[in-house]
Amino acid sequence: MKAVNMDPNAKLSFLERFAYGIGDYAGNLVYSAISAFLLVYYTNVVGASAASAASIIAVSKILDGISDLVMGYIVDHTHSKYGKARPWIARLCIPLAVCTVLMFSVPSGFAGKIQIAYMFLTYNLVSTIFYTGINVPYATMNSLMTVNRYERGLLGNFRMLLATAGTMTINTVVLKMTGFFGGGDAYTQKGWTMTFVVLMIVFVVLNMFMFFTCKERVTEESAAEKKDDVPFVKGIAGLMKNKYWVLMVIALFAMYFMMSCFFGSALYFTKYNMGNENQYAMVSNLLSAAQIITMFVTPLLMKKISKRNVFMIGMVIATAGFLLAGISTSYGIICLSSVIKGIGFGCGAATMFGCLQEAITYGEWYNGYGTAGMGNAASSFCMKIGSGIGTAALGWILDGGGFNADLEVQTSAALNSISVAFVWVPIITSVICIVCMIFFNLDKYYDKVLADLAQGKHRGE
């Protein structure tokens, strides 16, 4: 069935932009839960050691990264009446929801190797197979809904606004819901299972709303692409020749490493270093609120000083916030640092995926063939590896400091290890992002790239 022709340079409606962003709100009901709570669930509910849990995540992320490349190849070779990417959202949202509930439902009778095997299997069903199967197509949709540069920037902005709202939702409701369903105890297995049953029903409904509202307009014909499929090896080679894509991949790897390590350590930091886990929601939500408010301003900033500069400035601001958090564990200082970090994250989050799509478009002009699915998949590969290693690094850092979940008061070495994950690791990764953006000077060439592609021309033609 041939799809109705639509304008590939379309200006999108508010509803469609919002629906696209809702996809990442839904995605963060899974991703943010893994980042912020999975290690806590494994150590404080299941009773697994931090080192064992970290090792499961680290090993799994290698498989997870490979699956991203495979899914990118599948997206590039998908041809349906719904497009290349969108059908995978409808096909896989229910399996992902079911497996997420199973991941947070480790049977109490399992111990030792059986427990580890169950954790490994369910984690990989969620992250390696089904989350990848939705997230790679979702990221690719940005480049398939329109080629309009400003609209792509807005889609990235809506995506990160609602992703942040999803993170805020998880930070606010999970411990309240686990406590409610657990009869007042936030760390019972029943409480965690029922919490994720409810959250995953919401997840499925939101994904189907996105599927029915968003449209793919950039077809192979409208993008003037060749009908011949690009071989896997050729696609990877083309990406590696694209210096702007490589810079964005390094920056995204650093961002996701930092976010997993930082957000994963936040509950530990408030519970043990600040001495009050009830302060977790406020500390986390101040960051998210500042990020959301900032992202309402970023479209204007992007017009004035470009996505690249907004991203770079944001990482400078975030670095300042992390440095402030290293000064004191007082509630006021940590809350202030959260606001500063949120402003920095807002600038980075609103622009990083728009910069990625521009790098992928540049690659089509530079190489003479397009690999939107592969470009997003390979980027997602690096983000997943960064995220997984960040979570694993947190577990290893805690284990190295002698963290013991059975102790109400941790040793000074354990408290220092939590501070390393919460403050100093993020500072290093933020600086890496700044360096990458210094060399990301695509703004000089992008107008010519678009003009040439509109005429069916590529580099050297």
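Naming follows an unreviewed UniProt entry, where the protein chain appears as Glycoside-pentoside-hexuronide (GPH):cation symporter of Candidatus Blautia merdavium.

A. Structural view of the pattern of salt bridges. One pass over the full model with this rule turns up 7 salt bridges. Linking Glu358 and Lys307 is a salt bridge whose minimum nitrogen-to-oxygen distance equals 2.6 Å. Of this pair, Glu358 sits in helix 10 (residues 331-367) while Lys307 sits in helix 9 (residues 280-325); the two residues are 51 residues apart in sequence, bridging distant segments of the chain. By relative accessible area, Lys307 is classed as buried at 10%. Here the salt bridges do not stand alone but share partners, grouping Lys11, Arg17 and Glu151 into one network.

B. Broad picture of the confidence of the model for the protein chain. Counting all residues, the mean pLDDT for the protein chain is 88, and 96% of those residues have values of 70 or more. Note that residues 222-227 has pLDDT below 50 and, in this model, 8 contacts with residues that lie over four places away or in other chains.

C. The arrangement of empty space enclosed by the protein in detail. Counting across every chain of the model gives 7 cavities of 30 Å³ or more. The space that makes up the largest cavity amounts to roughly 510 Å³. Looking at the largest cavity, it is lined by 37 residues, and the ones nearest its centre are Asn28, Tyr31, Ser32, Tyr256 and Met259. Of all the secondary structure elements, the ones that give two or more residues to the lining of the largest cavity are helix 1 (14-46), helix 4 (112-145), helix 5 (149-181), helix 8 (243-273), helix 9, helix 10 and helix 11 (372-400).

D. Examining the packing of aromatic side chains more closely. Per the counting criterion, the structure on display carries 32 aromatic pairs. For the pair Tyr20 and Tyr138, a centre-to-centre distance of 4.5 Å together with 10° between the ring planes defines the contact as stacked. Within this pair, whereas Tyr20 is found in helix 1, its partner Tyr138 is found in helix 4, the two being separated by 118 residues in sequence. The exposure class of Tyr138 is buried, given its relative accessible area of 3%. Relative to Phe403, the ring of Tyr268 lies with its centre 5.2 Å away and its plane at 90°, an arrangement referred to as edge-to-face. Of this pair, Tyr268 sits in helix 8 while Phe403 sits in the loop between helix 11 and helix 12 (412-438), and the two are 135 residues apart along the sequence.

Procedures and definitions
Residues numbered from 1 in each chain as written. Predicted model: local features only at pLDDT ≥ 70, side-chain atom pairs only at ≥ 80, totals over all residues. Heavy atoms only, no water. Salt bridge = Lys/Arg side-chain N within 4 Å of Asp/Glu carboxyl O. Helix = DSSP H or I, 4+ residues; strand = E, 2+ residues; numbered from the N terminus. Buried < 20%, exposed > 50% of the residue type's maximum accessible area, 1.4 Å probe, protein only. pLDDT = per-residue confidence, 0-100. Contact = heavy atoms within 4.5 Å. 1 Å grid on protein atoms, 1.4 Å probe; cavity = no way out; pocket = protein on both sides within 12 Å on 5 of 7 lines; lining within 4 Å. Points joined across faces, edges and corners; volume = space filled by probe spheres on them. Phe/Tyr/Trp six-rings, centres within 6.5 Å; stacked < 30°, edge-to-face > 60°.

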